[in-house]
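# Architecture and fold: a report
The lines below spell out each chain.
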Amino acid sequence: MKTKIFTLTLALALASTSHAQKDSTDGPVVIDGKRFKVIIYDKGVDTSEKNELKFDPKEPDVVKIDKPFVPKAVITKWNVFELGLNNTLNNNNFEMPNAYANMELEGAKSVNFHWGIIQQGVNLIKGKLRFVYGLGIEYNNYRFKQNVDLVKDSKPLETVINTQHDYSKNKLVTQYITVPLMLNYKSNPKDPDNSFNISAGVQVGYLYGAHQKQKWSDGGKEKRKVKDDYNLSDYRFGYVVNFGYSGFNLYAKYYPTTMFKENRGPELNT
């Protein structure tokens, strides 16, 4: 160990002597080794904001210096999940239009699930601000309070109350392919586990499937799934915001585009 200390001292002395012969306007001398990096500054230079030497107590003869944080140009995340609740708005209230009053929803049981298959963030400013885009699948479950049946292939959409069955579960399910486009701010990109973050932007969705699912008892458990587009809009455009700490976030989405095609169903926003 004494030999190592002597060798390091000699290297520093030689480097210092060599540096003293240089013009004072030159930058600091840098000795960049595989295991450590030594920076020699001119006398009188303020190094308070420079990286500090750190000694490993397990290896007291090894000098370690933290290198400056360099954010990655692109960060990729797989399998980002969101779980929440759906509801619909009719002129800024939660009531259905009179012609579709039998489609009233149970908001507490209308579940929204979004699977972000892949998300990428492109560095814009020091890793703190990134442009985020991705690809995902979103499932929207709209749970009905009444025993309503949506009539398949009806244009405009027709609904009837089923008097033969008492549904224990009755819901409309929609599936969208999603593309989010957002700006993300992270307060501490060097340590994401101790960072506050907020994202805001838009999400575009393409409808690729829909069905009505019903369950009831009639001397045994019965269930039915009827696939149809029910005159739902093929595309939707919405605003998205989420914020949180570390890996936990809260989110909200609002779609100003109508849920159903014009004059083909109730005028609703989700």
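As the structure is a computational prediction, the values presented were derived from the model and not from experiment.

Rules of the game
Residues numbered from 1 in each chain as written. Predicted model: local features only at pLDDT ≥ 70, side-chain atom pairs only at ≥ 80, totals over all residues. Heavy atoms only, no water. Salt bridge = Lys/Arg side-chain N within 4 Å of Asp/Glu carboxyl O. Helix = DSSP H or I, 4+ residues; strand = E, 2+ residues; numbered from the N terminus. Buried < 20%, exposed > 50% of the residue type's maximum accessible area, 1.4 Å probe, protein only. Contact = heavy atoms within 4.5 Å. Core = buried A, V, L, I, M, F, W, Y, C linked by side-chain atoms within 4.5 Å. Polar contact = N/O pair within 3.5 Å; in protein donor to acceptor, adjacent residues only side chain to side chain.

On to the pattern of salt bridges. Under the criterion given, the structure shown has 6 salt bridges. Close ionic contact of K253 with E138 constitutes a salt bridge, the shortest N to O distance being 3.2 Å. Taken as a pair, K253 in strand β14 (residues 248-254) and E138 in strand β7 (residues 129-143) lie far apart in primary sequence, 115 residues in all. The same class applies to K253 and to E138, which are both buried. Here the salt bridges do not stand alone but share partners, grouping E82, E138, R236 and K253 into one network.

Moving on: the side chain of Q175. Considering the arrangement of structural elements, one finds Q175 in strand β10 (residues 169-186). Judged by relative accessible area, Q175 falls into the buried class, the value being 10%. Ignoring anything within four residues of it in the chain, the contact list for Q175 reads E138, Y139, Y206, L207, Y208, G209, A210 and H211.

This part takes up the environment of T163. Mapped onto the elements, T163 comes out in the loop between β9 (159-161) and β10. On the accessibility criterion, T163 (77% relative accessible area) is exposed.

Take the environment of P97 next. If you trace the backbone, P97 turns up in the loop between β5 (74-85) and β6 (111-125). Along the backbone, P97 and L268 are 171 residues apart, and their C-alpha atoms lie at a distance of 8.6 Å. Every residue in contact with P97, bar those within four places of it in the chain, is listed here: N90, P266, E267 and L268.

Turning next to the nonpolar core. Of all hydrophobic cores here, the largest spans 18 residues; its most connected members are M103, F144, L150, L157, L172, M259 and F260. If you list the elements that add at least two residues to this core, you get β8 (148-150), β10 and β11 (196-217). Apart from the residues lying within four places of it in its own chain, the contact partners of L172 are N140, N141, Y142, F144, L150, H211, Q212, Y230 and M259.

Within the fold, S233 resides in the loop between β12 (221-227) and β13 (235-245). For S233, a relative accessible area of 11% puts it in the buried group. Within the structure, the side chain of S233 is placed 3.0 Å from the backbone oxygen of T258, a separation counted as a polar contact. Engagement of the side chain of S233 in a polar contact is seen with the backbone oxygen of F260, the distance being 3.3 Å. Those residues in contact with S233 that lie beyond four places of it in its chain are Y176, L207, T258, M259, F260 and K261.

This part covers unusual backbone geometry. A cis amide bond links K155 to the next residue, P156, at an omega of 5°. Among the secondary structure elements, P156 is positioned in the loop between β8 and β9. For K126, which is not glycine, the phi dihedral falls at a positive 55°. Positionally, K126 belongs in the loop between β6 and β7. Under the relative-accessibility criterion, K126 is labelled exposed at 67%. Of note, the phi angle at S246 is positive, near 60°, even though the residue is not glycine.

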